[in-house]
Amino acid sequence: MALLTPEIQNDIKKIFEELTSDVRLLFFTQHVSPLVIPGREQDCPTCEDTRTLLEEVAALSDKLHLEIHEVSAGSEIAREYGIDRVPALIMIADGVKGKVRYFGLPAGYEFSVLLGSLVDVSRAEPDLSEDTMKVLDALDKDLHFQVFVTPT
Amino acid sequence: MAIANPRIVADVVEVSEFPDLAQRYMVRGVPKTVINDGVEFLGNVPEETFVAHIQQA
């Protein structure tokens, strides 16, 4: 069953008119084993819904390119991108210098945050003051921001 | 900011799905921002305040 109603899909398509460059959505999800291991089914209870949601979102614009990676502990591609938990999404576009990532299922209000991030990454034009840019240009170390949210 | 600078990794984390992180960073309210495991603050803050936090990190 589709997660996004036709009405919501139309709203999202309007938002996606602002997309300029192509965006790669690297999605990392649990490797689905053909074996059912008792007690292990719920390793990643939100992985499947997140995957379905991203598939439906990516289908709404030809500028969005979803790449699905089923990973297990120690996967090379997960290590390459520094992914240590799933579900995880990395948004990549030309002109984006750092990394923009999302961990978990973007539900409720966070869904609009995700859509906004996709537009920002696609446009790759940071809306920051001159003072902020000066501070960033003078950075002498790496910065890791983690913003913790809950679905509301 | 992560769009503008190669030294920045910006993560949004649905904390209800990752209780180990909630515990590790003592997340009792959201949005909570942690910079480099050291500086932390609660709520949405103006850009200048965020930058001030960066300078403490």
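Residues numbered from 1 in each chain as written. Chains lettered and ligands numbered in written order. Predicted model: local features only at pLDDT ≥ 70, side-chain atom pairs only at ≥ 80, totals over all residues.

### Let's talk about the overall build of chain B
In step 1: Looking only at helices and strands, one finds 2 helices and 3 strands in chain B.
In step 2: Tracing chain B from N to C terminus, the helices and strands come up as β-α-β-β-α.
In step 3: By its C-alpha atoms, chain B is 30 × 20 × 15 Å across when sized along the principal axes.
In step 4: Here chain B holds 57 residues, and 26% of them are scored as buried. (Helix = DSSP H or I, 4+ residues; strand = E, 2+ residues; numbered from the N terminus. Buried ≥ 20, exposed ≤ 12 C-beta atoms within 10 Å, placed from the backbone.)

### Comments concerning the overall build of chain A
In step 1: Helix and strand content of chain A: 5 helices and 5 strands.
In step 2: Secondary structure elements in chain A, listed N-terminal to C-terminal, are α-β-α-β-α-β-β-α-α-β.
In step 3: Projecting the C-alpha coordinates of chain A onto the three principal axes gives extents of approximately 55 × 40 × 30 Å.

### Quick look at the environment of P126 of chain A
In step 1: Relative to the elements of secondary structure, P126 of chain A occurs in the loop between α4 (109-123) and α5 (130-137).
In step 2: In this structure P126 of chain A comes out as partly exposed when scored by C-beta crowding, with 19 C-beta atoms within 10 Å.
In step 3: Counting along the chain gives 73 residues from P126 of chain A to L53 of chain A, while the straight-line C-alpha distance between them is 26 Å.
In step 4: When residues no more than four places from it in sequence are discounted, the contact partners of P126 of chain A are M1, I3 and A4 of chain B. (Contact = placed C-beta atoms within 7 Å.)

### Comments concerning the pairing of strand β5 (residues 143-149) of chain A
In step 1: In the sheet, β5 of chain A pairs with strand β1 (residues 8-14) of chain B via 7 bridges, with the strands oriented parallel. From the neighbouring strand, V147 of chain A faces β1 of chain B, where its bridge partner is V12 of chain B.
In step 2: Taken together, the 4 bridges between β5 of chain A and strand β2 (residues 32-35) of chain B define a ladder with antiparallel strand orientation. Residue Q146 of chain A lies in a different strand from β2 of chain B, and its bridge partner there is V34 of chain B. (Pairing = 2+ DSSP bridges.)

### Thoughts on the nonpolar core
In step 1: Judged by nonpolar contacts, the single largest core of 34 residues is most densely connected at L89, M91, V100 and V121 of chain A.
In step 2: Going through the elements one at a time, β1 (23-30), α2 (47-58), β3 (88-93), β4 (99-103), α4 and β5 of chain A together with β1 of chain B are the ones with two or more residues in this core.
In step 3: V121 of chain A has contacts with V23, M91, A93, V96 and V100 of chain A together with I3 of chain B, leaving out every residue within four places of it along the chain. (Core = buried A, V, L, I, M, F, W, Y, C linked by C-beta atoms within 7 Å.)

### Side note on the interface of chain A and chain B
In step 1: At the junction of the two partners, chain A supplies 35 residues and chain B supplies 32 residues.
In step 2: Elements with a contribution of two residues or more to the side of chain A that touches chain B: β4, α4, α5 and β5 of chain A.
In step 3: Element by element, the count of residues in the side of chain A that touches chain B is highest for β5 of chain A, at 7 residues.

### Here we look at unusual backbone geometry
Keep in mind that most residues, glycine aside, have a negative phi and that most peptide bonds are trans.
In step 1: Residue P87 of chain A follows V86 of chain A across a cis peptide bond; omega there is 0 degrees.
In step 2: Positioned with a positive phi, A124 of chain A is a non-glycine residue whose angle comes to about 50 degrees.
In step 3: By the secondary structure assignment, A124 of chain A is in the loop between α4 and α5.
In step 4: Phi angles above zero are rare outside glycine, and D37 of chain B is one such case at about 60 degrees.

### Some remarks on the confidence of the model for chain B
A low pLDDT means the predicted coordinates there should not be read in detail.
All names here are of chain B.
In step 1: Across chain B, the average pLDDT comes to 96, with 100% of residues at or above 70.
In step 2: Mean pLDDT across the secondary structure elements of chain B bottoms out at helix α1 (residues 19-24), with 95, and peaks at β2, with 98.
In step 3: We note a pTM of 0.94 for the whole complex and an ipTM of 0.97 for its interfaces. (pLDDT = per-residue confidence, 0-100.)

### Quick look at the sheet that holds β1 of chain A
In step 1: Spatial strand order, β2(A)-β1(A)-β3(A)-β4(A)-β1(B)-β5(A)-β2(B)-β3(B): 8 strands in an open sheet with mixed pairing. The open sheet terminates on both sides in strands that have one partner only, identified here as β2 (64-71) of chain A together with β3 (39-42) of chain B. Pairs of neighbouring strands in the sheet enclose a mean axial angle of 15 degrees, with direction left out of account.
In step 2: Here helix α2 (residues 47-56) of chain B sits on the sheet in contact with β5 of chain A together with β2 and β3 of chain B, set at roughly 155 degrees to β3 of chain B. (Axes fitted to C-alpha atoms, helices over the stretch in contact; angles between N-to-C directions.)

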